[in-house]
Amino acid sequence: MRALQISTWHQEAELVEVDEPTPAAGQVVVRVGAAGACHSDLHMMHGKGDFVPFSLPFTLGHENAGWVHSVGDGVRSVEPGQPVAVYGAWGCGHCARCLVGMENYCEGSGTPRVGAGCGLGMDGGMADYMLVPDSRYLLPLPDGLSPAEAAPLTDAGLTPYHAVRRSAQKLVPGSTAVVIGVGGLGHLAIQILKATCATRVIAVDTRSDALDLALSVGADTVIEGGDTAARNVMAATGNRGADFVLDCVGTEATLATAAACTRSLGDLTLIGVAGGALSFSFLCPAYEVSAQSVYWGSRSELAEVLELASQGLIRAETTIYPLEQALDAYRSLAAGEIVGRAVILP
Ligand SMILES: [Zn+2]
Ligand SMILES: [Zn+2]
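Residues numbered from 1 in each chain as written. Chains lettered and ligands numbered in written order. Predicted model: local features only at pLDDT ≥ 70, side-chain atom pairs only at ≥ 80, totals over all residues. Heavy atoms only, no water.

(A) Spotlight on the sheet that holds strand 1 (residues 2-6). The sheet built from three strands is open, its strands ordered 2-1-4 with antiparallel pairing. A strand with exactly one partner marks an edge of an open sheet, and here the two such strands are strand 2 (14-17) and strand 4 (58-59). Pairing of strand 1 with strand 4 involves two bridges; the strand directions are antiparallel. Looking across to strand 4, one finds that isoleucine 6 is bridged to phenylalanine 58. (Pairing = 2+ DSSP bridges. Helix = DSSP H or I, 4+ residues; strand = E, 2+ residues; numbered from the N terminus.)

See the structure below:
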């Protein structure tokens, strides 16, 4: 079968032929219906070597949905032909974090490695088939939700969903949320905020088509990114700042913007992996701002994200590429030309 693999750091992935997987006991092979292309894949291909502790080669694709193809002995929760979304953070299943479904923060030792998952050190879904090591990583797709619509939700939906939920108490009526970077994660973050909180949403991006997308998915206000963005957010909030700032980019510049416009007692949450650092001093960020990075969400949160989609409250804007053109998708993503999420169909 075909698989888009990273075999050398600092180089583009390549489409290669590999053996089709077969499921051992407890495992499931999924016929991939769709796999989302994420900025973090670009960082693995082109970023600093210390960004990822994984060994090569492995197949890209950590946002996946498809149909159960075959099951190993003992698998009872899914059956062949069933449409499923794949929860991508593959933890040990036994540690305190995994026991509450937060396999994204697995503290177990050995394999799978901490922080690993499909397309992240282990073979992902940019292939005809993918091996899922435990049936607990599979969630049934709600009726009417296609794999192409569902795949981006497993990361670009799940990660901002977790970020928003952990700040939900601050997102009361009258509050303001800022989303910096309206790409795959950002355009879903706006919809999740509007669907789950009575907060005002301000979207910030340097690209005008991204700001158009932000308005079309429900942002109340858009502000052009850059040096003036923080000042304009302050002006738009009566100089109080935003109760919640979600940085979906993560450069030095976007973090500086975020720090300068988060309200005292607010949350500054980083989900973008561009590698910038946040500077911290007595006066900036404002008093009692909490800063956190977020890596995916829990298994139960993915079920909630799929429920939001099945109710029509969130929808991923996608650009579809066939697997043979996956590298074109990544090149367009790197150039900032993708509106919403690039999704690869095998
Ligand atoms: Zn991702
Ligand atoms: Zn664990």
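(B) Summary view of the pairing of strand 11 (residues 176-180). With five of five residues buried, strand 11 lies mostly within the body of the structure. Going residue by residue along strand 11, you find Thr176, Val178 and Ile180 tucked away on one face and Ala177 and Val179 tucked away on the opposite face as well. As paired elements, strand 11 and strand 12 (residues 200-205) share five bridges and run parallel to each other. When the sheet's bridge partners are listed, valine 179 is paired in strand 12 with alanine 203. A crossover links strand 11 with its parallel partner strand 12, the connecting element being helix 5 (residues 184-196), and its sense is right-handed. The pairing of strand 11 with strand 14 (residues 242-247) spans four bridges and is classified as parallel. Note that in strand 14 the partner of alanine 177 across the bridge is phenylalanine 244. (Buried < 20%, exposed > 50% of the residue type's maximum accessible area, 1.4 Å probe, protein only. Right-handed = clockwise from strand over helix to strand, strands pointing away.)

(C) The coordination of the zinc ion (ligand 2), seen in detail. Around the zinc ion (ligand 2), the protein contributes the donor atoms Cys92 (SG), Cys95 (SG), Cys98 (SG) and Cys106 (SG), which lie 2.3 to 2.4 Å from the metal centre. Mapped onto the sequence, the donors of the zinc ion (ligand 2) take the spacing C-x2-C-x2-C-x7-C. Looking at cysteine 98, the relative accessible area reads 2%, which means it is buried. (Donors = N, O, S within 2.8 Å, 3.2 Å for Na, K, Ca; no water.)

(D) Structural view of the environment of threonine 319. By the element assignment, threonine 319 lies in strand 17 (residues 318-322). Measuring from C-alpha to C-alpha, the distance between threonine 319 and aspartate 19 comes to 29 Å, with 300 residues separating the pair along the chain. In this view, threonine 319 contacts Ile338, Val339, Arg341, Ala342 and Val343; residues no more than four positions away in its chain are not counted. (Contact = heavy atoms within 4.5 Å.)

(E) The arrangement of helix 8 (residues 252-261) in detail. Here helix 8 has its buried residues at Thr254, Leu255, Thr257, Ala258, Ala259 and Cys261. In this fold, the buried residues of helix 8 make contact with strand 11, helix 7 (229-236), strand 14 and strand 15 (262-270).

(F) Spatial organisation of the packing of helix 1 (residues 39-46) against helix 10 (residues 326-334). Across the interface, helix 1 lies against helix 10 with an axial gap of 10 Å and an inter-helix angle of 95°. As judged from the angle between their axes, helix 1 and helix 10 are roughly perpendicular. Taking contact as the criterion, the partners of His39, Asp41, Leu42 and Met45 in helix 1 are, on helix 10, Tyr330, Leu333 and Ala334. Among the residues forming the contact of helix 1 with helix 10, the class breakdown is five nonpolar, one polar and one charged. (Axes fitted to C-alpha atoms, helices over the stretch in contact; angles between N-to-C directions. Parallel < 35°, antiparallel > 145°, perpendicular 65-115°, else oblique. Nonpolar A, V, L, I, M, F, W, Y, C, P; charged D, E, K, R; others polar.)

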